[in-house]
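Descriptive analysis of the structure
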Amino acid sequence: MKISIKRILPFTVLMIFFSAYSARSADFSGEFIVGYNGGLGFQLNFVTANFARDFPMNIQLGLAYTSMNPGNAADARKIFINDATNGDPEKSGWMWDVRFDFLYQVKWLSLQRAYLYGGPRYAMFTANFNFIGGNEDFDITSDQWGLGLGLKAYFAMSNRFDFITSAGFDYYFSSALSGHDTRYSPDGEDVNARNDYTYDDADNAINNPTFQIRLLVGVNYHF
């Protein structure tokens, strides 16, 4: 798996700074959750409460990794590389995303600590296609902004630990798809487009994030 340190380092530094500041000035907790997010996903959250007087919401900053189906290997090769069909395709896909949420406590049914959450997301998606014996190994990438909404609930296990359930969805806006020396853009400003292929063709071939259902469980630790 190839990870661009330059792409995730600024967000990692921001999360460390945010958590260090929050731990000194407000109620602070850390979370680890796992589940379905268009694939198997893992997420770390840092949550602050009571950071501003009379502010009715908590703030959450999260970093997530999801393993995903990258799309159709044969179509990706035709649209981004060439029309060759030799080699046995192997494929993998993954997404890093950074998310910022406001959490507002609600009283629903018998849930004592339930929160509606919502906010912006930034996703960095990579699809890798490797044609064994065909001399083709290439990545298709996209960087996308999105918005998310959901509901999470906490259930105490001890003074410091909570069990968490979370359900929601994210919607990501269309963004350029790049691979090899080819780029397809939603606005039609393509670079080295092959044949008569368009952004819609590339978008149909590649499973870059669009509408993601999220179902996750995990634990929360109060510092």
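Here, the structure is the one placed above.
Computed from a predicted structure; not experimentally measured. Residue numbers run consecutively from 1 along every chain, following the written order of its sequence. The predicted origin of the model limits local features to residues at a pLDDT of at least 70 and limits the giving and counting of side-chain atom pairs to 80 or more, whereas totals for whole chains, interfaces and linings rest on all residues. Where side-chain values are given, they derive from all heavy atoms of the structure, hydrogens and water being excluded.

What to know about the overall build of the protein
Rule in force here: A run of DSSP states H or I qualifies as a helix once it reaches four residues; a run of E qualifies as a strand once it reaches two. Both are numbered from the N-terminal end. For every residue, the accessible area (1.4 Å probe, protein chains only) is compared with the maximum for its type, and the residue is labelled buried under 20%, exposed over 50%, or partly exposed between those bounds. Note on areas: Shrake-Rupley with a 1.4 Å probe; residue coverage comes only from the protein chains shown.
Regarding its fold elements, the protein presents three helices and ten strands. Considering the protein as a whole, with its 223 residues, one finds that 45% of them fall into the buried category. Total accessible area computed for the protein in this model is approximately 11,700 Å², and 59% of it derives from carbon and sulfur atoms.

A word on empty space enclosed by the protein
Selection criterion: Here a cavity means grid points, on a 1 Å grid over the protein atoms only, where a 1.4 Å probe fits yet cannot get out; a pocket means an open set of points with protein on both sides within 12 Å along at least five of seven lines; lining residues are those with an atom within 4 Å of a point. Grid points are joined across faces, edges and corners, and a volume is the space filled by probe spheres set on the points. Three residue categories are used. Nonpolar comprises Ala, Val, Leu, Ile, Met, Phe, Trp, Tyr, Cys and Pro, charged comprises Asp, Glu, Lys and Arg, and polar comprises the others, including Gly.
By the definition in use, this model includes one cavity of 30 Å³ or more. If you trace the largest cavity, you find it lined by Ile33, Gln43, Asn45, Gln60, Arg99, Asp101, Tyr117, Arg121, Lys152, Ser166 and Arg214. Residue assignment for the lining of the largest cavity shows that the elements contributing at least two residues are strand S2 (40–49), strand S4 (88–108) and strand S5 (111–132). Across the lining of the largest cavity, the residue classes tally to two nonpolar, four polar and five charged.

Some thoughts on unusual backbone geometry
For Asn135, which is not glycine, the phi torsion reads 60° and is therefore positive. Note on placement: Asn135 falls in the loop between S5 and strand S6 (136–156). The phi torsion at His180 lies on the positive side, around 60°, for a residue other than glycine. Along the chain, the position of His180 falls in the loop between strand S8 (177–179) and strand S9 (182–184). Classification of His180 by relative accessible area gives exposed; the value is 58%.

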